[in-house]
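Survey of secondary and tertiary structure
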Amino acid sequence: SACEKAGQWQLALKHWLEMRNAGLQPNRMSYCAVMGSMGQCLQWQQALESVEEMWQAVVTPDLRNYTMTLSALEKSKQWQWAVELLSD
């Protein structure tokens, strides 16, 4: 969340990867934090990948996760990906 406010998506992703490498299992809130950071900095591809990863990790995305991803897509003017995400 602090990385999101500072526009530091790379730092958020670094911490995310460190957490994963340490064997910690992310939850919806940790996904939401990293997605928010990516969305602030127009990293829509990373946000979409996070939603995919959530499904593979059997962590069902909730409204906040989709909202963060859709926000990243909106800011990046990637409406076609937003439509695809909503249709899945």
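Note: the structure precedes this text.
Residues numbered from 1 in each chain as written. Predicted model: local features only at pLDDT ≥ 70, side-chain atom pairs only at ≥ 80, totals over all residues. Heavy atoms only, no water.

1. Examining the pattern of salt bridges
Applying the stated criterion across every chain yields a total of three salt bridges. Glutamate 53 serves as the salt-bridge partner of arginine 20, at 2.1 Å between the closest nitrogen and oxygen. A residue pair is termed long-range when its members are at least 10 positions apart, and arginine 20 in helix H2 (residues 9–21) and glutamate 53 in helix H4 (residues 44–56) qualify at 33 residues. Judged by its relative accessible area of 29%, arginine 20 falls in the partly exposed class. Aspartate 62 is paired through a salt bridge with arginine 64; the nearest N and O atoms lie 2.7 Å apart. (Salt bridge = Lys/Arg side-chain N within 4 Å of Asp/Glu carboxyl O. Helix = DSSP H or I, 4+ residues; strand = E, 2+ residues; numbered from the N terminus. Buried < 20%, exposed > 50% of the residue type's maximum accessible area, 1.4 Å probe, protein only.)

2. What about the nonpolar core?
Among the nonpolar cores identified, the biggest contains 18 residues, and Tyr31, Val34, Met35 and Leu73 are the most heavily contacted of them. Residue assignment for this core shows that the elements contributing at least two residues are H2, helix H3 (28–40), H4, helix H5 (63–75) and helix H6 (79–87). Here this core takes five residues from H4, the largest share from any one element. Those residues in contact with tyrosine 31 that sit more than four places away from it in its chain are Trp16, Arg20, Pro26, Ser50, Glu53, Met54, Ala57, Val59 and Asn65. (Core = buried A, V, L, I, M, F, W, Y, C linked by side-chain atoms within 4.5 Å. Contact = heavy atoms within 4.5 Å.)

3. Quick look at H4
Taking 1.5 Å per residue, 13 residues should reach 18 Å; H4 reaches 19 Å between its end C-alpha atoms and fits that length. Inspection of H4 places Trp44, Ala47, Leu48, Ser50, Val51 and Met54 among the buried residues, and these make up the whole buried set. All buried residues of H4 lie within an arc of 150° about the axis, which places them on one face of the element. Looking at H4, the residues exposed on the side facing more than 90 degrees away from the buried face are Glu52 and Gln56. Two residues or fewer past H4, valine 58 is found with a positive phi of approximately 60°. (Expected span 1.5 Å × (residues − 1). Arc of directions from axis to C-beta.)

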